[in-house]
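Structural characterization, general
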Amino acid sequence: MPSSSPSAGFRSGLTASLPITLGYLPIAFSFGVAATRAGLGAAEAVFLSLVMYAGASQFLALALIGTGAPLAVSAVTLIAMNLRHVLYGPALLKQAGADARKKHAWAWAFGLTDEVFGTTLGVLARGQHRFSERFMFGIGLGAYASWVMGTALGAFAGGGALEGFPTLDAALGFMLPALFLALLLSVLRRAQLPLIAVAIGTTALVSWLVSPVAGIFSGMVAGAAIGMIRAPRATKGNTA
Amino acid sequence: MSVDVIQLGLIVGAFTWAFRFAPTRLDLANDRPEGLFDRFLSATGPAAIATLFTASVLPMLKPGLGDQAPLAMGMLAVIGAHFWFRSTAIATLSGAAAYGMTIFVLG
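An unreviewed UniProt entry annotates chain B as Branched-chain amino acid transporter of Phaeovulum veldkampii DSM 11550.

Chain A has the name Branched-chain amino acid permease in an unreviewed UniProt entry, where Phaeovulum veldkampii DSM 11550 is given as its organism.

So this is what it looks like as structure tokens:
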């Protein structure tokens, strides 16, 4: 039964953040390690996680800083990479239906990462919890805290922290794909197979021909466009 | 702390926040339930997750068929654990464990 009391909403959000936390801690740890390898101090690594809070962009930022790219070039590249996030808020509020609230969206939207978006969508789609801003604060806080904490642990552990554990290092590297696959399975419905196939195919093709960043954005738009032009009944059954 | 790192973090952080927050101000109340924009938004979630999964897996693909064993085992473990436990957390951990163990076994 979906619970709807205010405090239950925040607690449910924290509970729902558990899989994200498990995924974020090792990845953020890896980021902290990579940041110190790239010559950043622990404070700089934690600062990037605190204010940027966008995993892939942060790893790319390390590469750009390492190559000595000008600030403007780095900023534009990273901003373009995060453009995909414009789709998340409206898609979530649409899924929330009559429960949609956005009075404090200026605050909870800060934590609307890929994983928070995907997990929240799955929770709403399965009817485990109704949308509430407290739920969004709960899931956002759990994910954010684990990201910042993981970064700090990795940064203070230093650049050679995982060198003696290659198997663990490899397993941590598969954490993010595993999380996305699990999220995909949790929202999967038969009617969505065509749009998912198009999203996957477009991402692979454009990543190969142009760039991974272009691949991500075009894959999302192409998949959503297929869902848009298909018969309404076919797409309506997708996440309800 | 380097001034460049601070500037980069603040600029990118501000834009990322704006990308996440500003679209929530759109008024969706008057959008027809079966309208094109409604269907676009409904399809965005699954499309986004499929896209992010693909983008995260692509760099892991290796040229030889035998080199795909860790990836295949990891994905099978995620799928199996998902249908067995119906838990995203357990499925994620199972996949990472299977991936790491396969690499360990294959040396």
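Check the secondary structure of chain B and you find four helices and zero strands. In chain B, the succession of helices and strands from N to C terminus is α-α-α-α. Counting across all 107 residues of chain B, residues that qualify as buried make up 48%. Looking at chain B alone, contacts between residues at least 24 apart form 35% of all its contacts between residues at least 6 apart. Surface accessibility of chain B: about 5400 Å² in total, with carbon and sulfur atoms responsible for 72%.

The next subject is helix 5 (residues 71-81) of chain A. Residues of helix 5 of chain A that are buried: Ser74, Ala75, Leu78, Ile79 and Met81 of chain A. Buried residues of helix 5 of chain A, seen end-on, are gathered within an arc of 155° and therefore sit on one face of the element. Within helix 5 of chain A, the exposed residues directed more than 90 degrees away from the buried face are Ala72 and Val76 of chain A. On its buried face, helix 5 of chain A sits against helix 4 (55-67) and helix 13 (212-229) of chain A together with helix 1 (3-21) of chain B.

Looking now at the confidence of the model for chain B. Of the residues in chain B, 91% have a pLDDT of 70 or more, and the chain-wide mean is 85. Per-element confidence in chain B is highest for helix 1 of chain B, whose mean pLDDT is 95, and lowest for helix 2 (residues 36-57) of chain B, whose mean pLDDT is 81.

A few words on unusual backbone geometry. Residue and element names in this part refer to chain A. Of note, the phi angle at Tyr53 is positive, near 45°, even though the residue is not glycine. Along the chain, the position of Tyr53 falls in the loop between helix 3 (42-51) and helix 4. According to the relative accessible area criterion, Tyr53 is buried, its value standing at 1%.

What follows deals with the UniProt feature "transmembrane region" (unreviewed entry) in chain B. Taken from the UniProt record, the annotation "transmembrane region" (unreviewed entry) applies to residues 6-28 and 81-106 of chain B. Secondary structure content for residues 81-106 of chain B is 92% helix and 0% strand, while the C-alpha to C-alpha distance between its ends is 22 Å.

Looking now at the interface of chain A and chain B. Contacts between the two partners involve 84 residues from chain A and, on the opposite side, 68 residues from chain B. Taken together, both faces of the contact between chain A and chain B bury some 6700 Å²; the carbon and sulfur share is 79%. Looking only at chain A, the three residues that lose the most surface to chain B are Lys94, Phe174 and Met228 of chain A, adding up to 11% of its buried area. Run the count over chain A and chain B and you get zero salt bridges. Across the chain A-chain B interface, the total number found is ten residue pairs in polar contact (both at pLDDT 80 or more). Looking at which element gives the most residues to the side of chain A that touches chain B, the answer is helix 11 (residues 175-187) of chain A, with twelve residues. Classifying every residue of the side of chain A that touches chain B gives 58 nonpolar, 19 polar and seven charged.

Once that is clear, we can look at the packing of aromatic side chains. Residues and elements named next belong to chain A. Enumeration according to the criterion identifies ten aromatic pairs over all chains in this entry. Ring plane angle 70° and centroid distance 5.2 Å describe the contact between Tyr24 and Trp147, whose orientation is recorded as edge-to-face. Of this pair, Tyr24 sits in helix 2 (residues 18-37) while Trp147 sits in helix 9 (residues 133-157); the two residues are 123 residues apart in sequence, bridging distant segments of the chain. Here Tyr24 matches Trp147 in class, with each residue buried.

What follows concerns the packing of helix 12 (residues 193-209) of chain A against helix 2 of chain B. At a minimum axis separation of 8 Å, helix 12 of chain A and helix 2 of chain B run at an interaxial angle of 40°. Overall, the two elements helix 12 of chain A and helix 2 of chain B adopt an arrangement that is oblique. The chirality of how helix 12 of chain A crosses helix 2 of chain B is right-handed. Where helix 12 of chain A approaches helix 2 of chain B, its residues Leu195, Ile196, Ala199, Ile200, Thr203 and Ala204 of chain A are matched on the opposing element by Ala43, Pro46, Ala47, Ala50, Thr51, Thr54 and Ala55 of chain B. The class makeup of the residues in the contact of helix 12 of chain A with helix 2 of chain B is ten nonpolar, three polar and no charged.

Rules behind the numbers
Residues numbered from 1 in each chain as written. Chains lettered and ligands numbered in written order. Predicted model: local features only at pLDDT ≥ 70, side-chain atom pairs only at ≥ 80, totals over all residues. Heavy atoms only, no water. Helix = DSSP H or I, 4+ residues; strand = E, 2+ residues; numbered from the N terminus. Buried < 20%, exposed > 50% of the residue type's maximum accessible area, 1.4 Å probe, protein only. Contact = heavy atoms within 4.5 Å. Areas by Shrake-Rupley, 256 points an atom, 1.4 Å probe, with all protein chains shown as cover. Arc of directions from axis to C-beta. pLDDT = per-residue confidence, 0-100. UniProt positions renumbered as here; feature names shortened; annotations may be inferred. Buried area = accessible area lost by both parts, 1.4 Å probe. Salt bridge = Lys/Arg side-chain N within 4 Å of Asp/Glu carboxyl O. Polar contact = N/O pair within 3.5 Å; in protein donor to acceptor, adjacent residues only side chain to side chain. Nonpolar A, V, L, I, M, F, W, Y, C, P; charged D, E, K, R; others polar. Phe/Tyr/Trp six-rings, centres within 6.5 Å; stacked < 30°, edge-to-face > 60°. Axes fitted to C-alpha atoms, helices over the stretch in contact; angles between N-to-C directions. Parallel < 35°, antiparallel > 145°, perpendicular 65-115°, else oblique. Left-handed = near helix turned anticlockwise from the far one by under 90°.

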